[in-house]
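As a plain string of letters, each chain reads:
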Amino acid sequence: MSEQAIARKAEIVSNVADLLKDASSLLVFDYRGLTVDQMTDLRQQLRDAGAQMRVIKNTYLRRAAKETGYDELNELFAGPTAVVFGGADDSTAPARIVAKFAKASDEEVIQIKGGAIEGKVTSIDEINTLATLPSREGLLSMLVSALQAPVRNVAYALKAVVDNSDE
């Protein structure tokens, strides 16, 4: 193999390692059976959420994982593998989007293999649990609603007392 080819492959591994380091979450899945249109649609949904999906050779993934300390993911890099690199905004968004897409597809074409969230390798069960959680904005709105409830109840009670005293 020529030195130029080796240098090109080393550069690819370095780029993949940078993606692994910078991602707030990783999701590894088997995409076998997705049509081009489905793949394009999934990529667009992920891009809209600040994540990116890449199909990368397993050899490059294994070497990049070794460089970045994600050795535990090496067993997932077999067969047709797509990796979603989550952005800093919402680390659970890729899991939600891919799980929703998998449920919406007619067949079981997407097989989630595993991943990592916030630098911690996670199991399929943990990923599926995270996929059922609402988005960050949804969780914040639930929190605001829960914090407003006691104040609202006090306001209703005071209004009832005022209404009773007027009679």
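Our subject is the structure listed above.
Here's what I pulled together on the structure shown here. Just so you know, these numbers come straight off a predicted model, no measurement behind them. (Residues numbered from 1 in each chain as written. Predicted model: local features only at pLDDT ≥ 70, side-chain atom pairs only at ≥ 80, totals over all residues. Heavy atoms only, no water.)

Let's shift gears to the side chain of Asn 58. Mapped onto the secondary structure, Asn 58 falls in helix α3 (residues 58-68). On the accessibility criterion, Asn 58 (15% relative accessible area) is buried. Not counting chain neighbours up to four residues away, the residues in contact with Asn 58 comprise Phe 77, Ala 78, Gly 79 and Thr 81. (Helix = DSSP H or I, 4+ residues; strand = E, 2+ residues; numbered from the N terminus. Buried < 20%, exposed > 50% of the residue type's maximum accessible area, 1.4 Å probe, protein only. Contact = heavy atoms within 4.5 Å.)

Note that an α-helix has 3.6 residues per turn; residues three or four places apart therefore point the same way. Taking 1.5 Å per residue as the helical rise, helix α2 (residues 36-48) with its 13 residues ought to reach 18 Å, and the 18 Å between its terminal C-alpha atoms agrees with that figure. Every buried residue of α2 is accounted for by Met 39, Leu 42 and Leu 46. Viewed along the axis of α2, the buried residues span an arc of 65°, placing them on a single side of the element. In α2, the exposed residues that point more than 90 degrees away from the buried face are Val 36, Asp 37 and Asp 48. Here the buried face of α2 lies against β1 (25-30), β2 (52-55), β3 (82-86) and α4 (93-104). Just past α2, the residue Gly 50 takes up positive phi, approximately 85°. (Expected span 1.5 Å × (residues − 1). Arc of directions from axis to C-beta.)

Moving on, we get to the pattern of salt bridges. Per the counting criterion, the structure on display carries 1 salt bridge. Salt-bridge contacts for Arg 32 lead to Asp 30; the nearest nitrogen and oxygen are separated by 3.0 Å. Residue class for Arg 32 comes out exposed when judged on its relative accessible area of 53%. Classification of Asp 30 as buried rests on a relative accessible area of 11%. (Salt bridge = Lys/Arg side-chain N within 4 Å of Asp/Glu carboxyl O.)

Moving on, we come to the pairing of β1. Most of β1 is tucked away: 6 of the 6 residues are buried. Of the two faces of β1, the one holding Ser 25, Leu 27 and Phe 29 and the one holding Leu 26, Val 28 and Asp 30 are both buried throughout. Two elements, β1 and strand β4 (residues 111-117), share 6 bridges in a ladder whose sense is antiparallel. When the bridges of β4 are listed, Asp 30 appears paired with Gln 111. (Pairing = 2+ DSSP bridges.)

What follows deals with the nonpolar core. In this structure, Leu 20, Leu 26, Tyr 70, Phe 77, Val 83 and Phe 85 are the most contacted members of the largest nonpolar core, which totals 20 residues. For this core, the secondary structure elements donating two or more residues are α1 (3-22), β1, α3 and β3. No other element matches the 5 residues that α1 contributes to this core. Val 98, Phe 101, Ile 112 and Ile 127 belong to the second-largest nonpolar core, a separate cluster that totals 18 residues. (Core = buried A, V, L, I, M, F, W, Y, C linked by side-chain atoms within 4.5 Å.)

A separate point is α1. Helix length check: α1, at 20 residues, gives a terminal C-alpha distance of 28 Å against a target of 28 Å (1.5 Å per residue), a fit within 8%. Taken together, the buried positions of α1 are occupied by Ala 5, Val 13, Val 16, Ala 17, Leu 19 and Leu 20. Across the axial projection of α1, the buried residues extend over an arc of 160°, all falling on one side. Those residues of α1 that are exposed and aimed more than 90 degrees away from the buried face are Glu 3, Gln 4, Glu 11, Lys 21 and Asp 22. On its buried face, α1 is in contact with β1, β2, α3 and β3.

Applying the stated criterion across every chain, the model contains 1 cavity of 30 Å³ or more. Here the largest cavity defines a volume of roughly 40 Å³. Lining the largest cavity are Ser 25, Leu 26, Leu 27, Ser 91, Pro 94, Ala 95, Ile 117 and Ile 127. With 3 residues, β1 is the largest single contributor of residues to the lining of the largest cavity. Broken down by class, the residue content of the lining of the largest cavity amounts to 6 nonpolar, 2 polar and no charged. (1 Å grid on protein atoms, 1.4 Å probe; cavity = no way out; pocket = protein on both sides within 12 Å on 5 of 7 lines; lining within 4 Å. Points joined across faces, edges and corners; volume = space filled by probe spheres on them. Nonpolar A, V, L, I, M, F, W, Y, C, P; charged D, E, K, R; others polar.)

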